[in-house]
Amino acid sequence: MRRRITFPHMGTSHIAIRGMLESIGLEVVTPPPITRRTLSLGTQYSPEFACLPLKINLGNFIEAYEMGANTVVMSGGWGPCRFGYYAQVQREILKDLGCPMEMIVLEAPDSRITGILNQVKDLAEGASWLGIIGAVKFGWEKVRALDEVEMMAQEHRPRVADQGAVERIYQESLKEIDRAASRKEVRDAAGGAKEKFASLGPDWEKEVARVGIIGEIYTVLEPFVNLNIERHLGRLGAEAKRSIYLSQWVNDHLFLGLMPGRGTKELIKNAQPYLNYWVGGHGRETIGAAVYLSQLGYDGVIQLGPLTCMPEIVAQSILPLVSAREDIPAMTLYFDEHTGEAGLLTRIEAFLELLRRKKANRKGTKQLREA
Ligand code: SF4
């Protein structure tokens, strides 16, 4: 039976995954964008205390199955958190529901890049090595372009009057990257986005609060889960910067840091005085990012995580110490299927107000000293 491949949604990653898999001739079924239905399907059939990403991804697979997918490709994990069990748990649930799907888990066994390339070769059903390497490069180009566009949107949101235009350009640019059929076209799409954003005439002199979004990768990258927190921050006059972008996750997790660009290893070093042990997920990176962003002069950090996420609970318990010693205000937000947008807005508005007062106090003290 010919494989019809699907995968879990996580932010904009579907654009790069689809591009890469289709370029080696595989048949791809992209799950529909995450909606309340996806969440409700996942929640209905998952164990109550499973992590939110597991539930949403299960919803993705059920919806993709309805569209004819028969194979799931996802990344694997190991260590002290639950990620390593996702595929097995989801496979059993799907089987019980009468939608059996083959689960292919890509991971870098024994920290060898050849391991993961061999797994892609098996999946690619007869594609040549040259074709596979070309597909990986193509997917990587898309991942980097997607991150560039994300960063441009984050920088422009608080600095332009027409915020609707930022969202339009952002969405158009994602579509262009999705349509791009060669690495050159991907580069052109990213270049085009840069010009379009620049045409909005951003006010680079405007004083904006700079806020780091740190925490669990899925909650940081998936706007459906974090209720579009970056967009809300932008509308409220704050620039968001993530502790981890898609390209860093792909590089660290699948390419073992071999691709050019900044990975998360430095964050782990930054975390050392506070947390010098791997607690699973991105717990250490969360702490390291708070330290790093404080050194960069960021005004505050917001930690995001799914409710009951063990690595983020560990990080949260250390964050007050980091916040006090590194002089960076921090707030933690957990998300589950019951989290509402109104509550989120109230909390980020209050946090931004705190950052503004702190900044104003600092300025006042400095002026007094200079007078
Ligand atoms: S990092 Fe958190 S959300 Fe992800 S699998 Fe581990 S416990 Fe669950």
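To be clear, the structure that these remarks concern was listed above.
Scope of this entry: the structure provided in the associated data block. The model shown is predicted, which means the values in this text are computed figures rather than measured ones. (Residues numbered from 1 in each chain as written. Predicted model: local features only at pLDDT ≥ 70, side-chain atom pairs only at ≥ 80, totals over all residues.)

1. Here's the deal with the site of the ligand
At step 1: Surveying the vicinity of the ligand reveals the residues Cys51, Pro53, Cys81, Arg82, Phe83, Glu216, Gly280, Gly281, Pro306, Cys309, Met310 and Pro311.
At step 2: A class-by-class count of the residues in the shell around the ligand yields eight nonpolar, two polar and two charged.
At step 3: Domain assignment of the residues forming the shell around the ligand places at least three in each of domain 1 (4-127) and domain 3 (208-371). (Near = placed C-beta within 6 Å. Nonpolar A, V, L, I, M, F, W, Y, C, P; charged D, E, K, R; others polar. Domains from an automatic or database assignment.)

2. Considerations on the sheet that holds strand S3 (residues 71-75)
At step 1: Pairing is parallel across the open sheet formed by four strands, whose spatial order is S2-S1-S3-S4. The open sheet has two free edges, formed respectively by strand S2 (27-28) and strand S4 (102-106), since each of these has just one partner strand.
At step 2: Sheet topology note: the strand S1 (residues 4-6)/S2 ladder contains two bridges and is parallel. Note on S2: the bridge partner recorded for Ile5 is Val28. (Pairing = 2+ DSSP bridges. Helix = DSSP H or I, 4+ residues; strand = E, 2+ residues; numbered from the N terminus.)

3. Focus on the packing of helix H6 (residues 129-156) against helix H7 (residues 163-179)
At step 1: Following both chains from N to C, one finds H6 and H7 inclined at 175°, their axes separated by 10 Å at the closest point. Here H7 runs roughly antiparallel to H6, going by the angle between their axes. On H7, the residues touching Lys142, Ala145, Leu146, Val149, Ala153 and His156 of H6 are Val166, Tyr170, Ser173, Leu174 and Ile177.
At step 2: Among the residues forming the contact of H6 with H7, the class breakdown is eight nonpolar, two polar and one charged. (Axes fitted to C-alpha atoms, helices over the stretch in contact; angles between N-to-C directions. Parallel < 35°, antiparallel > 145°, perpendicular 65-115°, else oblique. Contact = placed C-beta atoms within 7 Å.)

4. Digging into the sheet that holds strand S8 (residues 330-335)
At step 1: Read across the open sheet, the four strands follow the order S6-S5-S7-S8; overall the sheet is parallel. Two strands in the sheet have a free side with no partner beyond their single neighbour: strand S6 (238-242) and S8. For this sheet, the mean inter-axis angle between neighbouring strands, taken without regard to orientation, is 25°.
At step 2: Pairing between strand S5 (residues 209-215) and S6: five bridges, direction parallel. Within S6, the position partnered with Ile213 by the bridge is Arg242.
At step 3: This element, helix H14 (residues 310-326), spans S5, strand S7 (300-306) and S8 of the sheet and lies at about 165° to S7.
At step 4: Lying over the sheet, helix H15 (residues 341-370) contacts S5, S6, S7 and S8, oriented at roughly 170° with respect to S8.

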